Amino acid sequence: MGRLKNEKNKKNEKNNEMSSLSRKFALAPMMDWTDRHCRFFHRLLTRRALLYTEMLTTGAVLHGERARLLRFDPAEHPLALQLGGCDPQALATCARIGAEMGFDEINLNAGCPSDRVREGRFGACLMAEPELVGDCVAAMKAAVAIPVTVKCRIGIDNQDPEPALEHFAQSVERAGADALIVHARKAWLEGLSPRENREVPPLDYDRVYRLKRAHPRLPVILNGGVASIEGAITHLAHVDGVMMGRAAYQEPWRLLAVDPLLFGETARFRSPKQAAAALMPYVEREVARGTRLHAITRHLHGLFDAVPGARAFRRHLAGAAGMSHAGAEYLAAGLALVADRDLDSDRELAHIAA
Ligand SMILES: Cc1cc2nc3c(=O)[nH]c(=O)nc-3n(C[C@H](O)[C@H](O)[C@H](O)COP(=O)(O)O)c2cc1C
């Protein structure tokens, strides 16, 4: 066991060297959105953001088409696998599978409010069972050498977020969690849809800041409603990292500011158009394997902001939805419709950050 863990440690060190895992900025796990094509594309926009898979249940990992569900491209590192489940042994087994496949982190979902997830007694309803979550974290930590983290809400239903989140954080920290990601609003399990649960319960960033102050050794990552890189920078004065979800997906051009502004490194590409052009070999490869173009290009809809031709580009991409045989040349034709705008100047960088 010791030797195995050592080997895993070595593999992980190698991955981390390759990918420099930092928790300062992450892209949120989003079901049906952050699939492998989306993540490959986002990686072209930022080298440093930590990427997350969509949530996969332990049942799917153990009994489903594992190779397909867990597939990723090495370029996606650093990449975390998010698991949904509440059985410590099943989670430990899935964590081990994830570590062996080369993921850089295993994350447990304790924030999803959907009915299906509740029936399985996991997701956000785990906020009411901090001890069980601690057992899950401890079991996963014993199984893998890579970091194990938890994503949660500030509370659910009638819980008072002050003691509820504190109790939850104590339990996961004691169990050895490497970070706690907090979506800074409650989940209301009765009467709200998952979508409403991302919008209706009010955001309470101060609660997350207080949690960080109370747990100086536990990396605390803030999530929820962060709409710009400037917004992320503001939160970083209070917490260890920021996780961005919808704004990053719907307006991926923002991600070009992550490496320069948060890590002091040059962006991989000088414009959204150049990043999209760099996606072309991937598109060719995937389409040749039978992937439909639309499965990839659907993630590019919001790539251009206030650039001449942006609307024509979106309309062109929408056309790919009904096509079964469109290939990379279709994307190239779309890109020809839109102007290139370098983000070379500080003014442009300030614009995308804001
Ligand atoms: C379409 C969609 C799917 C989501 N799926 C997941 C998921 O699989 N796991 C999870 O922990 N959160 C999921 N979330 C929640 C996000 O990770 C994030 O917590 C939430 O959107 C708040 O962050 P934001 O305001 O930056 O979008 C999802 C959100 C959206 C919009």
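Residues numbered from 1 in each chain as written. Predicted model: local features only at pLDDT ≥ 70, side-chain atom pairs only at ≥ 80, totals over all residues.

1. A few points about the site of the ligand
(1) Moving on: Around the ligand sit 23 residues in total, of which A28, M30, M55, G245 and R246 are the nearest.
(2) Moving on: Mapped by element, the contributors of at least two residues to the shell around the ligand are β2 (51-57) and α11 (246-250). (Near = placed C-beta within 6 Å. Helix = DSSP H or I, 4+ residues; strand = E, 2+ residues; numbered from the N terminus.)

2. A look at the packing of helix α5 (residues 88-101) against helix α7 (residues 130-143)
(1) Moving on: Contact pair α5 / α7: the axes reach a minimum separation of 8 Å and the direction vectors enclose 35°. When you trace α5 past α7, the crossing you get is right-handed. Contacts from P88, Q89, L91, A92, A95 and R96 in α5 reach D135, C136, A139, M140, A142 and A143 in α7.
(2) Moving on: Looking at side-chain class alone, the contact of α5 with α7 contains nine nonpolar, one polar and two charged residues. (Axes fitted to C-alpha atoms, helices over the stretch in contact; angles between N-to-C directions. Left-handed = near helix turned anticlockwise from the far one by under 90°. Contact = placed C-beta atoms within 7 Å. Nonpolar A, V, L, I, M, F, W, Y, C, P; charged D, E, K, R; others polar.)

3. Focus: the nonpolar core
(1) Moving on: With 102 residues, the main nonpolar core has A95, V137, M140, L180 and V182 as its most contacted residues.
(2) Moving on: Counting residues per element, this core draws most heavily on α5, at six residues.
(3) Moving on: Split by domain, the residues of this core number at least three in each of domain 1 (2-263) and domain 2 (272-335).
(4) Moving on: The residues touching L180, leaving out its near neighbours within four places in the chain, are T149, V150, C152, A169, V172, L218 and V220. (Core = buried A, V, L, I, M, F, W, Y, C linked by C-beta atoms within 7 Å. Buried ≥ 20, exposed ≤ 12 C-beta atoms within 10 Å, placed from the backbone. Domains from an automatic or database assignment.)

4. Quick word on unusual backbone geometry
(1) Moving on: In the segment running from H77 into P78, the intervening peptide bond is cis, with an omega of -5°.
(2) Moving on: In this structure, P78 sits in the loop between α4 (66-69) and β3 (79-84).
(3) Moving on: Of note in the backbone geometry, D32 takes a positive phi value of approximately 75° without being a glycine.
(4) Moving on: Note on placement: D32 falls in the loop between β1 (25-27) and α2 (36-45).
(5) Moving on: Exposure remark for D32: the 7 C-beta atoms within 10 Å place this residue in the exposed category.
(6) Moving on: We note that R121 has phi near 60°; this positive angle belongs to a residue other than glycine.
(7) Moving on: Here R121 shows up in the loop between α6 (115-119) and α7.

5. Some thoughts on the environment of M30
(1) Moving on: Tracing the backbone through its elements, the reader meets M30 in the loop between β1 and α2.
(2) Moving on: Given 18 C-beta atoms within a 10 Å radius, M30 is considered partly exposed.
(3) Moving on: Separated by 151 residues in sequence, M30 and I181 have C-alpha atoms that sit 14 Å apart.
(4) Moving on: Excluding anything up to four places from it in sequence, M30 contacts E54, G245 and Y249.

6. Comments concerning the sheet that holds strand β5 (residues 148-153)
(1) Moving on: If you walk across this open sheet you meet the eight strands as β1-β8-β7-β6-β5-β4-β3-β2, and the pairing is parallel. The open sheet is flanked by β1 and β2, the only strands paired with a single partner. On average, each strand axis in the sheet is inclined to that of its neighbour by 25°, with strand direction left out of account.
(2) Moving on: Where β5 lies against strand β6 (residues 179-183), five bridges are found, and the strand directions are parallel. Considered in β6, the bridge of K151 is made with I181.
(3) Moving on: Its contacts with the sheet place α7 against β4 (105-110) and β5, and it is angled at close to 160° to β5. (Pairing = 2+ DSSP bridges.)

7. Overview of the packing of helix α8 (residues 161-174) against helix α9 (residues 205-214)
(1) Moving on: Interaxial distance between α8 and α9 falls to 11 Å at its minimum, and their mutual angle equals 45°. On the basis of their axis angle, the class for α8 and α9 is oblique. In the crossing of α8 with α9, the sense of the turn from one axis to the other is right-handed. Facing P161, L165, E166 and A169 of α8, the residues of α9 in contact are R207, L211 and A214. (Parallel < 35°, antiparallel > 145°, perpendicular 65-115°, else oblique.)

8. Looking at α8
(1) Moving on: In this model, α8 (14 residues) spans 19 Å end to end at C-alpha, consistent with the 20 Å of a helix rising 1.5 Å per residue.
(2) Moving on: All of the buried residues in α8 are P161, A164, L165, F168, A169, S171 and V172. Viewed along the axis of α8, the buried residues span an arc of 160°, placing them on a single side of the element.
(3) Moving on: At the exit of α8 stands G176, carrying a positive phi of roughly 100°. (Expected span 1.5 Å × (residues − 1). Arc of directions from axis to C-beta.)

9. Let's talk about the domain arrangement of the protein
(1) Moving on: What the domain assignment lists for the protein is domain 1 (2-263) and domain 2 (272-335).
(2) Moving on: Once you take the C-alpha centre of each, domain 1 and domain 2 turn out to be 29 Å apart.
(3) Moving on: Across the contact, 11 residues belong to domain 1 and 13 residues belong to domain 2.
(4) Moving on: Ranked by the residues each element gives to the side of domain 1 that touches domain 2, the list is headed by α2, at six residues.
(5) Moving on: Residue classes in the side of domain 1 that touches domain 2 are distributed as eight nonpolar, two polar and one charged.

10. Observations concerning the pairing of β3
(1) Moving on: In terms of burial, β3 is largely enclosed, as six of its six residues are buried.
(2) Moving on: Alternating positions in β3 separate into two faces, L79, L81 and L83 on one and A80, Q82 and G84 on the other, with burial throughout.
(3) Moving on: Pairing of β2 with β3 involves five bridges; the strand directions are parallel. Bridge pairing in β3 places T57 opposite G84.
(4) Moving on: Across four bridges, β3 lies against β4 in parallel orientation. By the bridge assignment, A80 is partnered in β4 with E105.
(5) Moving on: With α5 bridging β3 and the parallel β4, this β-α-β connection has right-handed handedness. (Right-handed = clockwise from strand over helix to strand, strands pointing away.)

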